[in-house]
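# Reading the structure
What follows is each chain in one-letter form.
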Amino acid sequence: GVGFLSRWYPYIISLPHEPSCGYSKQTRPHILDSLEVLRHEFRVDVEGWSSELLKASLYADRIANGLHADYGEYIKSPEDVSKLDNIKWALCQVASRGTAGNDEYGSLRMVPIADLINHDVNAGGFTELTGKEQMESGDFLDAIEEEDKGAFVVRSLRHGRRRPLRLGQELMVNYNVPLYTPLDWFISLGFVPTER
């Protein structure tokens, strides 16, 4: 890594110190408390989730250890943080903040700003540009350059209809992971949406 010389440095330092994936060892005590809240307050069946979180944590550790073995010597890390811990932190960040897209541009990507938008099942989703969008063809923008391919656009939509935001109103997006079970949501994103 190039540290503060990276063009991504401002984004990286804006990421939370403790990522919100459900298998983070640092947040494990809080996660277990969250399971009790889900069980008692929201009536979510969390039976077996604790052991599934442990399995996810062990699996993430295996991935991190493999990456560390292959790439550890190339990674710069502050003296008080191990390279392995940095890899685990990064995996958790990607699991909880990555946005799925076309394989041509990277099927899972970290998208600055877009990863700050919260989920609402009734909102519009992320739209990935193909580079061929034209307003005259009914698209909502003109993709001016081929470089627009793979970029994500978020529009304020509610139930598929345009919804202008009022001053101070939060922009929401549908994370669009319909096959995720409540446990999948919790492990990957660190929360279970109300519709699950």
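Check the entry above for the structure.
Residues numbered from 1 in each chain as written. Predicted model: local features only at pLDDT ≥ 70, side-chain atom pairs only at ≥ 80, totals over all residues. Heavy atoms only, no water.

## Here's the deal with the nonpolar core
Rules: Buried Ala, Val, Leu, Ile, Met, Phe, Trp, Tyr and Cys residues form a nonpolar core when they are joined through side-chain atoms within 4.5 Å. Accessibility here uses a 1.4 Å probe with only protein chains present; expressed as a share of the type maximum, an area under 20% marks a residue as buried, one over 50% as exposed, and anything in between as partly exposed. By the criteria applied, helices consist of DSSP H or I runs no shorter than four residues and strands consist of E runs no shorter than two, each listed in order from the N terminus.
Core analysis: the biggest nonpolar cluster contains 16 residues, and Tyr23, Leu35, Leu38, Trp49 and Phe186 have the highest contact counts within it. For this core, the secondary-structure elements that each account for two or more residues are helix 2 (28-41), helix 3 (49-71) and helix 5 (182-189). Broken down by element, the residue count for this core peaks at four residues, all from helix 3.

## Examining unusual backbone geometry
For arginine 43, which is not glycine, the phi torsion reads 55 degrees and is therefore positive. Along the chain, the position of arginine 43 falls in the loop between helix 2 and helix 3. You can call arginine 43 exposed: its relative accessible area is 70%. Non-glycine residue isoleucine 113 carries a positive phi angle of around 75 degrees. As for its placement among the helices and strands, isoleucine 113 is situated in the loop between strand 2 (108-109) and strand 3 (118-119). What makes isoleucine 113 exposed here is its relative accessible area of 61%.

## What to know about the state of the cysteines
Stated precisely, the cut-off is as follows: Defined by distance alone, a disulfide is two cysteine sulfur atoms within 2.5 Å.
Inspection of the entire model under this criterion finds one disulfide. Paired by a disulfide, cysteine 21 and cysteine 92 hold their sulfur atoms 1.5 Å apart. The disulfide joining cysteine 21 to cysteine 92 has a torsion of about -95 degrees about its S-S bond and is therefore left-handed. Taken together, the residues span a long stretch of sequence, with cysteine 21 in the loop between helix 1 (9-14) and helix 2 and cysteine 92 in helix 4 (residues 83-97) at a distance of 71 residues. One exposure class covers both cysteine 21 and cysteine 92, and it is buried.

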